[in-house]
Amino acid sequence: PDGGTIVLYEWDWNNDGIYDESTTSPTINHTWTDDFSGTVGLRVTDDDGLTDTDTASVTVNNVAPTVNAGPDQTANEGSLVSFSGSFTDPGAGDTHTYFWDFGDGSNASGTLTPTHVYGDNGVYIVTLNVTDDDGGFGVDTLTVTVNNVAPTVNAGPDQSVNEGDTVSFSGSFTDPGANDTHTIFWDFGDGSNASGTLTPTHVYADDGVYIVTLNVTDDDGGFGVDTLTVTVYNVAPTVDAGPDETADEGSLASFSGSFTDLGANDTHTIFWDFGDSTNATGTLTPTHAYGDNGNYTVTLTVTDDDGGFGVDALTVTVYNVAPTVYAGPDRVVRANQTVNFSGSFTDPGWLDTHTIFWDFGDDDNATGTLTPTHAYT
């Protein structure tokens, strides 16, 4: 009323009775660092020290953060992907929570710079969500393209075995694609194979040097291959010539040999030595007749197509058989008539030698011929 001059303007921004800012001008700008709903107080003072106060209602709305998830990325499965998100928020007083959804069912929180490993190839939409303490949130996405990586395969060490032995293999592989599934295929190098296991067994039916291949293929078509060498040694046949035998000279002796060979694919030659300078080939069950009595060592030799051979022997005891003799028909003659005799004999021992003796019944005899003559006086 007395026309005093206002010399001081004091502002209570939070209506808490504390004047936070003072000016000499009735106009002022103020920025809230957080959302606000309440009253603002003003106290004015004139040059006589008199004061007055007033209030006004102010509503400051929250503003959600503006989020940047970062650039799109390309990586290999199993590799570490590093993210670098950012955001801005005009509410400088806000606090924030961070949540990353990596697009593969996994997530991270509490950081703008997480890392993540993808267990399978694919195209993943990664989402960064930043939420302020007033519930305002901003979202941004990026795309991560994850390339498949083929398995790395180890077929195991080279091996040396005998034909017919069981060979045990122990393969392994690594795949950075932890979520991949795999098919396993072994080629044993002899026309046979196995699948579905890293630890198969196999029997080689013939000697040789075999290149064994292990192929592991993931469900995205990526595959890894490794090989090993199996050296298979020949094993000679095991031979059984059969039991010892007895026979009469001239009679047929029957043999029954056998053999086993771990090389199931081998071919074989069969040779019998009958011990009397004769032999037979191509059969395990020959027959043979001996032309003279005696003890004969019979040998069976079986040789495979790689030169390995097995031998076994048996003894044949051959008994002598006496000759069967025919002196000829009965005769009627006159005294002093010359009689012509004609004897004969058979002997199954065709290698036997013989002595011939005739007794004419009158104290006379002859030797050395089957056809002697004699005159009875």
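Asker: Which residues make up the overall build of the chain, and what values go with them?
Answerer: Broken down by element type, the chain carries zero helices and 37 strands. In terms of C-alpha radius of gyration, the chain reaches 57 Å, well past the compact-globule figure of 21 Å for 377 residues. With the C-alpha coordinates of the chain rotated into their principal frame, the extents come out at 210 × 25 × 25 Å. Within the chain, the proportion of its 377 residues that are buried is 32%. If you take every contact in the chain between residues at least 6 apart in sequence, the share linking residues at least 24 apart comes to 58%. Per element, the accessible surface of the chain, about 20800 Å² overall, is 48% carbon and sulfur.

Asker: Describe the environment of F173, naming the residues involved and giving the relevant values.
Answerer: Within the secondary structure, F173 sits in strand β17 (residues 172–174). Counting along the chain gives 98 residues from F173 to A75, while the straight-line C-alpha distance between them is 21 Å. Excluding residues that lie within four positions of it along the chain, F173 makes contacts with P151, T152, V153, H182, L198 and V216.

Asker: How would you summarise the sheet that holds strand β22 (residues 223–233) if you had to cite specific residues and measurements?
Answerer: The strand order across the open sheet built from five strands is β15-β22-β21-β18-β19, with neighbouring strands paired in mixed fashion. The strands lining the two open edges of the sheet, one partner per strand, are β15 (159–162) and β19 (193–195). Looking at each pair of strands side by side, their axes are set apart by 20° on average, direction ignored.

Asker: So what about the environment of V311? Which residues, and what values?
Answerer: Inspection of the secondary structure assignment puts V311 in strand β31 (residues 309–319). Distance in space between the C-alpha atoms of V311 and W272 is 9.9 Å, their sequence separation being 39 residues. Sequence-distant contacts of V311, that is, excluding residues within four places in its chain, are made with V239, T299, L300 and T301.

Asker: Any chance you could break down the layout of surface pockets for me, citing the residues and the numbers?
Answerer: Here the largest pocket is characterised by a volume of approximately 210 Å³. Around the largest pocket, the lining comprises 13 residues; the ones closest to its centre are V325, T355, I356, F357 and L370. Of all the secondary-structure elements, those providing two or more residues to the lining of the largest pocket are β32 (324–326), β34 (344–346) and β35 (357–359). Grouping the constituent residues of the lining of the largest pocket by class yields nine nonpolar, four polar and no charged.

Asker: So, the pairing of β31: which residues are in play, and what are the values?
Answerer: In the sheet, strand β24 (residues 245–248) pairs with β31 via four bridges, with the strands oriented parallel. Bridging across to β31, T246 finds its partner in T317. Pairing of strand β30 (residues 294–304) with β31, which is carried by 10 bridges, proceeds in the antiparallel orientation. Pairing of Y296 across the sheet is with V316, part of β31.

Asker: Can you break down the packing of aromatic side chains residue by residue, with the values?
Answerer: Across all of its chains, the model carries 13 aromatic pairs by this definition. Their ring planes at 50° and their centres at 5.7 Å tell us that F87 and Y98 sit as a pair that is tilted. A residue pair is termed long-range when its members are at least 10 positions apart, and F87 in strand β8 (residues 86–88) and Y98 in strand β9 (residues 96–101) qualify at 11 residues. On the basis of relative accessible area, F87 is assigned to the partly exposed category, the value being 23%.

Asker: A description of unusual backbone geometry should follow, citing residues and the corresponding values.
Answerer: Unlike most non-glycine residues, S277 shows phi in positive territory, near 75°. Structurally, S277 is set in the loop between β27 (268–273) and β28 (279–281). When its relative accessible area of 76% is taken as the criterion, S277 is described as exposed. We note that D363 has phi near 70°; this positive angle belongs to a residue other than glycine. In this fold, D363 is placed in the loop between β35 and β36 (365–367).

Asker: With reference to specific residues and values, describe the sheet that holds strand β12 (residues 122–132).
Answerer: Reading across the sheet, the five strands line up as β6-β13-β12-β9-β10 and stay open at both edges, with mixed pairing between neighbours. Of all the strands in the sheet, just β6 (73–76) and β10 (107–109) have a single pairing partner and so form its edges. With strand direction ignored, the average angle separating the axes of adjacent strands in the sheet is 20°. Strand direction decides the pairing type here: β9 and β12, joined by six bridges, are antiparallel. Bridging across to β12, F99 finds its partner in N129.

Asker: Go over the pairing of β30, please, and point to the residues and values.
Answerer: Two faces belong to every sheet, and in a regular strand the side chains alternate between them. Where β27 meets β30, six bridges bridge the pair, whose relative direction is antiparallel. When the bridges of β30 are listed, H268 appears paired with D304.

Asker: Quick rundown of the side chain of H202? Include the residues and the values.
Answerer: As for its placement among the helices and strands, H202 is situated in strand β20 (residues 201–203). Here the side chain of H202 touches D190 through a polar contact of 2.8 Å, side chain to side chain. At a separation of 3.2 Å, a polar atom in the side chain of H202 contacts the side chain of S192. With near-sequence residues (within four places) excluded, H202 lies in contact with D165, T166, V167, F169, F188, D190 and S192.

Here is what the cut-offs are and how they apply
Note on numbering: residues in each chain are counted from 1, in written sequence order. Only residues with pLDDT of at least 70 get local features here, since the model is predicted, and only at 80 or more are side-chain atom pairs given and counted; chain-wide, interface and lining totals rely on the full set of residues. Heavy atoms from the whole structure form the basis of all side-chain values; hydrogens and water molecules are not counted. A run of H or I in DSSP counts as a helix once it spans at least four residues, and a run of E counts as a strand once it spans at least two, with each numbered from the N terminus. For the radius of gyration, the atoms used are the C-alpha atoms, and the globule rule reads 2.2 Å times the number of residues raised to 0.38. Categorising residues by exposure relies on relative accessible area from a 1.4 Å probe, with only protein chains included: less than 20% of the type maximum marks a residue as buried, more than 50% marks it as exposed, and the intermediate range marks it as partly exposed. It only takes one pair of heavy atoms within 4.5 Å for two residues to be counted as in contact. In these tables, accessible area is a Shrake-Rupley quantity obtained with a 1.4 Å probe, and a residue counts as shielded only by the protein chains included in the view. Two strands are said to pair when DSSP picks up at least two bridges between them. Between N-to-C directions, angles cover 0 to 180 degrees, with each direction set by a line fitted to C-alpha atoms, over the stretch in contact for helices. Put plainly, a pocket is an open set of points on a 1 Å grid over the protein atoms alone with protein on both sides within 12 Å along at least five of seven lines, a cavity is a set where a 1.4 Å probe fits but cannot get out, and a lining residue has an atom within 4 Å of a point. Grid points are joined across faces, edges and corners, and a volume is the space filled by probe spheres set on the points. Lys, Arg, Asp and Glu make up the charged group, whereas Ala, Val, Leu, Ile, Met, Phe, Trp, Tyr, Cys and Pro make up the nonpolar group; the residues left over, Gly among them, are polar. Side-chain rings of Phe, Tyr and Trp (the six-membered ring for Trp) are treated as a pair once their centres are within 6.5 Å; stacked means planes under 30 degrees apart, edge-to-face means over 60, and tilted covers the remaining angles. Each polar contact in these results corresponds to two N or O atoms within 3.5 Å; when the atoms are within protein, one needs to be able to donate a hydrogen and the other to accept it, and residues that are neighboring in sequence are counted only if both atoms are side-chain atoms.

Purely geometric stuff here, so don't read any function into it on its own.
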